[in-house]
Amino acid sequence: MNFKVSARTILHLGSELISSDGVAFYELIKNSIDAAARSVTVEVIYRLDHSIYSEILRELGEDRDTPEILRERYIRSLPRRRSWRQLRDIALAGLIEGAPNIDKLRRRMEKAEGRDDFLQALRSANMIEIDDDGDGMSLDILENVYLTIGTSYRANQKREVYAAEDEGELSGESNLILGEKGLGRLSAMRLGDQVLIVTGQEGAPNWNQLEIDWNDFADATDANLESVPVEPEVGNKKELQEQGTLIRISALKSEWSVERLTDLAIEHFSKLSDPLGGVSTPPIILKFNETEVAIPKFAEFLLEQAHGRFSANLQTAGSSAPRISGRMQYLLHNRSRELKLTPLELRTLTGLDVPTIERIGDFSLDMFWYNRRLLTKIEGIGNLTVVRRILAEWAGGVALYRDGYRVNPYGNPNDDWLDLDRDAFSTSGFKLNRGQIIGRARITQRGNPYLIDQTNREGLKENPEKQAFVKILSAIVEIYRQYLNEIDRDVDRARRVTAAEALERFRDEDERLASLLPTLDEALKDSGANRELTKQLRSTMVELRAAAEVVQRAAGAQERERSRVLHLASVGLMIESLAHELYRATSAGLDTIAQARRSRNPSNASTSLRVLDSQLRTLQKRLKVLDPLSTNARQTKESFELTNWIEDIVRGFASRNEGRGIRIETTVDPEEGQLSVRAVKGMFVQVLENLLTNSVFWVAEQHKERVRLKLVSDNSGEPIGHIDVHIDIPKRRIIVTDDGPGIPEERRETVFEPFFSTKRQKQGKGLGLYIGREIAEYHGGSLYLGQANDLGQINSVIFEIGKVDG
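Sequence positions are assigned chain by chain, starting from 1 and proceeding in written order. Selection of residues for local features in this predicted model requires a pLDDT of at least 70, selection of side-chain atom pairs for listing and counting requires 80 or more, and totals for whole chains, interfaces and linings are taken over all residues. Note that water and hydrogens are dropped before the side-chain values are worked out from all heavy atoms of the structure.

Runs of E in the DSSP output that reach at least two residues are strands. Runs of H or I that reach at least four are helices, and both are numbered from the N terminus. Relative to the helices and strands, Asn206 is located in strand β4 (residues 206-213). Expressed as a C-alpha distance, the spacing of Asn206 and Leu240, which sit 34 residues apart in the sequence, is 8.2 Å. Contacts: residue pairs with any heavy atoms within 4.5 Å of one another. Look past the residues within four positions of Asn206 in its chain and what remains in contact with it is Val234, Gly235, Asn236, Lys237 and Lys238. Pairs of N or O atoms are called polar contacts if they sit within 3.5 Å, as long as, within protein, a hydrogen donor faces a hydrogen acceptor (for residues adjacent in sequence, only side-chain-to-side-chain pairs). A distance of 3.1 Å separates the side chain of Asn206 from the backbone oxygen of Gly235, its partner in a polar contact.

Turning next to the packing of helix α5 (residues 84-93) against helix α7 (residues 115-123). The interhelical angle for the contact between α5 and α7, taken along N-to-C directions, is 20 degrees, at an axis separation of 10 Å. By the criterion of interaxial angle, the relationship of α5 to α7 is roughly parallel. The crossing of α5 and α7 is left-handed. Contact residues: Trp84, Leu87, Arg88 and Ala91 in α5; Arg115, Phe118 and Leu122 in α7. Looking at the contact of α5 with α7 residue by residue, the class counts come to five nonpolar, no polar and two charged. Axes here refer to lines fitted to C-alpha atoms; in helices the fit is confined to the stretch in contact. Angles between the N-to-C directions go from 0 to 180 degrees. Should an angle lie under 35 degrees it is considered roughly parallel, over 145 roughly antiparallel, and from 65 to 115 roughly perpendicular; all remaining angles are considered oblique. What makes a crossing left-handed is the near helix being turned counterclockwise from the far one by less than a right angle; a clockwise turn instead makes it right-handed. Classification used: nonpolar for Ala, Val, Leu, Ile, Met, Phe, Trp, Tyr, Cys and Pro, charged for Asp, Glu, Lys and Arg, polar for all others including Gly.

Turning our eyes to something else, we now look at the packing of aromatic side chains. To pair, rings of Phe, Tyr and Trp, with the six-membered ring standing in for Trp, must have centres within 6.5 Å; the planes then decide the type, stacked if under 30 degrees apart, edge-to-face if over 60, and tilted in the middle. This structure, assessed with the given rule, holds 13 aromatic pairs. Ring geometry for Trp214 against Phe217: centres 5.7 Å apart, planes inclined by 35 degrees, an arrangement best described as tilted. Taken together, the residues Trp214 and Phe217, both in helix α11 (residues 214-220) and three residues apart, mark about one turn of the helix. Of the two residues, Trp214 and Phe217, both sit in the buried class. Their ring planes at 85 degrees and their centres at 5.5 Å tell us that Tyr330 and Trp369 sit as a pair that is edge-to-face. Within this pair, whereas Tyr330 is found in strand β10 (residues 323-330), its partner Trp369 is found in strand β12 (residues 363-369), the two being separated by 39 residues in sequence. Remark: exposure states derive from per-residue accessible area (1.4 Å probe, protein chains only) relative to the maximum for the residue type, with buried under 20%, exposed over 50%, and partly exposed in between.

The grouping of Asp140, Glu143, Glu211, Glu231 and Glu233 at the surface amounts to a negative patch. With respect to the element layout, Glu211 can be found in strand β4. For Glu211, a relative accessible area of 56% puts it in the exposed group. Each patch is built from residues lacking any salt bridge and having more than 30% relative accessible area; the joining distance is 9 Å for like charges and 5 Å for nonpolar side chains (Val, Leu, Ile, Met, Phe, Trp, Tyr). In this description, accessible areas are obtained by the Shrake-Rupley approach with a 1.4 Å probe, and a residue is regarded as covered only by the protein chains that are shown. Salt bridge criterion: a side-chain nitrogen from Lys or Arg within 4 Å of a carboxyl oxygen from Asp or Glu. In this count, Lys and Arg are taken as positive residues and Asp and Glu as negative ones, while His and the chain termini are left out. To locate a charge, take NZ of a lysine, CZ of an arginine, CG of an aspartate or CD of a glutamate.

As a further point, take the side chain of Glu486. When you line up the elements, Glu486 lands in helix α18 (residues 464-495). The buried category is assigned to Glu486, whose relative accessible area is 2%.

Before going further, it helps to spend a moment on the side chain of Asp366. Here Asp366 lies in strand β12. Residue classification places Asp366 among the buried positions, given a relative accessible area of 9%. Here Arg309 takes part through its side chain, which lies 3.3 Å from a polar atom of the side chain of Asp366. Among residues more than four places away in sequence, those in contact with Asp366 are Arg309, Phe310, Ser311, Ile438, Gly439, Arg440 and Arg442.

With that settled, the discussion passes to the sheet that holds strand β24 (residues 796-800). Pairing in this open sheet of five strands is mixed, and the strands run β17-β19-β20-β24-β22 from one edge to the other. Whereas interior strands pair on both sides, the edge strands pair on one side only; in this sheet they are β17 (662-669) and β22 (782-785). Direction aside, neighbouring strands of the sheet carry axes that sit 15 degrees apart on average. In this analysis, strands are considered paired if DSSP registers two or more bridges between them. Across eight bridges, the pairing between β17 and strand β19 (residues 721-728) is parallel.

To continue, consider the packing of helix α6 (residues 102-110) against α7. Taken N-terminus to C-terminus, the directions of α6 and α7 make an angle of 165 degrees; their axes are 9 Å apart at the nearest point. Between α6 and α7, the interaxial angle falls into the category roughly antiparallel. Crossing of α6 against α7: the hand is left-handed. Along its contact with α6, which presents Leu105, Arg108 and Met109, the element α7 presents Gln120, Ala121 and Leu122. In the contact of α6 with α7, the residues fall into four nonpolar, one polar and one charged.

Relative to the helices and strands, Ala188 resides in helix α10 (residues 187-191). Relative accessible area serves as the criterion here: at 2%, Ala188 is assigned to the buried category. Each C-alpha atom of the pair Ala188 and Asp21 lies 9.6 Å from the other, and the pair is 167 residues apart in sequence. Leave out the neighbours within four places in its chain, and Ala188 touches Leu28, Val195, Trp214 and Ile249.

Here the focus is helix α2 (residues 21-34). What a helix is expected to span follows from its residue count: subtract one and scale by 1.5 Å. Its 14 residues give α2 an end-to-end C-alpha distance of 20 Å, which sits within 8% of 20 Å, the value for a rise of 1.5 Å per residue. Taken across its 14 residues, α2 has 13 buried, putting it largely inside the fold. Positive phi appears at Ala36, one or two residues downstream of α2, with a value of about 60 degrees.

Our focus in this paragraph is the nonpolar core. Only buried residues count toward a nonpolar core. Its members are Ala, Val, Leu, Ile, Met, Phe, Trp, Tyr and Cys residues joined through side-chain atoms within 4.5 Å. The biggest cluster of nonpolar side chains holds 53 residues, and the ones touching the most others in it are Ile128, Ile249 and Trp256. Of the residues forming this core, the biggest block, seven residues, is contributed by α2. Here Ile249 is in contact with Leu28, Asn126, Met127, Ile128, Ile130, Ala188, Leu191, Gly192, Gln194 and Val195, once residues within four sequence places are set aside. Val677, Val680, Phe684 and Val751 belong to the second-largest nonpolar core, a separate cluster that totals 45 residues.

Written out as structure tokens, the structure is:
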């Protein structure tokens, strides 16, 4: 026995696989491109109001899109069922004057001799024609390829082209073949119930033609597919040099207008191929009732108006791959920065394993960002409203192009595949929402074989590679968003006047004005009115001095509030880490107790108690470090000896991480030296714990990468890394150095920005170094990175304590 396919199955394929009219046009035009067409004409011929057309079909019981039981119910509900002749009069009254060949259609309807003749004329009223001058099809191809749903014809062609390219026999994009699944021909069914194909190849004496009425398949219902005859035949004679294909789709299923076709031209036809360049496409001519509908060309001037640009590439082959390289620009402020992500950073940022990233294949991303509030009118283009409208036509986020041709629906108005809007609206400034972006990601068939279209053409097939592709794109776009915010903060800081600066300026001016008052009094001493003016001036100065005192008190309150916020934020980070450690410690303790209960050997119970004692002591040391962060101590500056305190912190941290195989040590210069400070003791815990936690994470991640590359063994017994906390007493500095991957020189300041992190979201908040610097500055010190090595990597962070007594 074999599977049997019912006739109506093909209708389900056509209606469900092709999701929209725009996708249907795309599939049909793609067939023309695969046939090496030099031009394609798409024309909508609309001669009868569609609402009238639909009403007549329903009343005649010929609306195949409505289930049979509903068709019968509709007919029974009619107060009086009209004859086909009466309905013909309605159709004739609904014809659109001035439409192409309208008189011919009218005569055909008027001369109809029966119901079937009238139906054929009615269904021919509106049609869509796709006409190209491509290679055309022979009678054999029509019969054995076109009529085979799911044929591998194009896929085999593609393999032959790849083989020829590999042998050096072919090169260039002229060999591009877009089709593969053999389902594009069902697109005609999406648009209308009837299709006529007229096609021919150069050198052949005749055209070949094929007519299909999809209603025949609906009428056959459960009969076998083979029961519906579809037979191509030799058509009219043609000139030997003529070639190409005409697809005429009639009995259209929806309303058409010049406005609707214009919307499709803007949304689909204009973006069929990459608007930012990279592929040459055959010209497409779009018409409605013989009047050409313009397909907008990309507004090149928009690129010159961009306020920011971001370009990035994933490279999966060669040394130090897979890696991301790119360039981030904030054109409005004339700033730029290189983006480089090593395999280790890419893996930790996304949580993806390297083989999955490599299977994605190389891709590129280009984005242009616009601050819509800063757009201006452009001479020769239009006022601000016009410029914004043009931007809206081309913006929409990141569209996806394979070999220069669109992968729908990515970048459509209703598609936010990278979650740009959700991410943008959850941050201040709403940067990088889709309405602000013109962007594209580019892939190829050969270079990205795992990123394949879904059968229904609704995006890429869901698989680990597609999910990884989206994750990487989202991650690097987020880095660009952080970069824009960082530059904005830099600019704001440069413009900001602190309360202290404002007060100092006021005092200077106050002294200068006070020194002028005696001279003013002398000059005006003979004038009673002017003496009153001097009195008012003195009174105003008193009021201004009182206002200055209010500002000074407010500045002090703000500084105290800043201290509280810093404390709470840093405590929050530490508690998050501590919660994980407490869970691990209590779980281990409970396991130890459970083992002791199960054991009947007293010596085993004794061993379990010793293990439990060790676990609880470790937990006690961890909690001891938190004591200076208590509510009573959090705001209190006290005098204490820093060297021993840091050694205690480092010892406690090392004991908690001894299972990681990382050597963590403290060195003091000079030995046995001491360093007295007056500070908030708990804040030093926060800074040091954050620095040590970062070092441990990256040393461990680097070791995993080395094991993956088989550069080291995972069970050698040797330390996997080293962290040194050096206390330089004469220079009042604490230097934390590790032998991890380091921080690239170009990120020297970026790493101190809030929320910047190259760890994946659940592993890092991007606040540790930011809070550390704030704490250092609160104590009159500073936190910064050390010198880069010969490879441009920085492996040390310096906490300069400063000399604050208050």
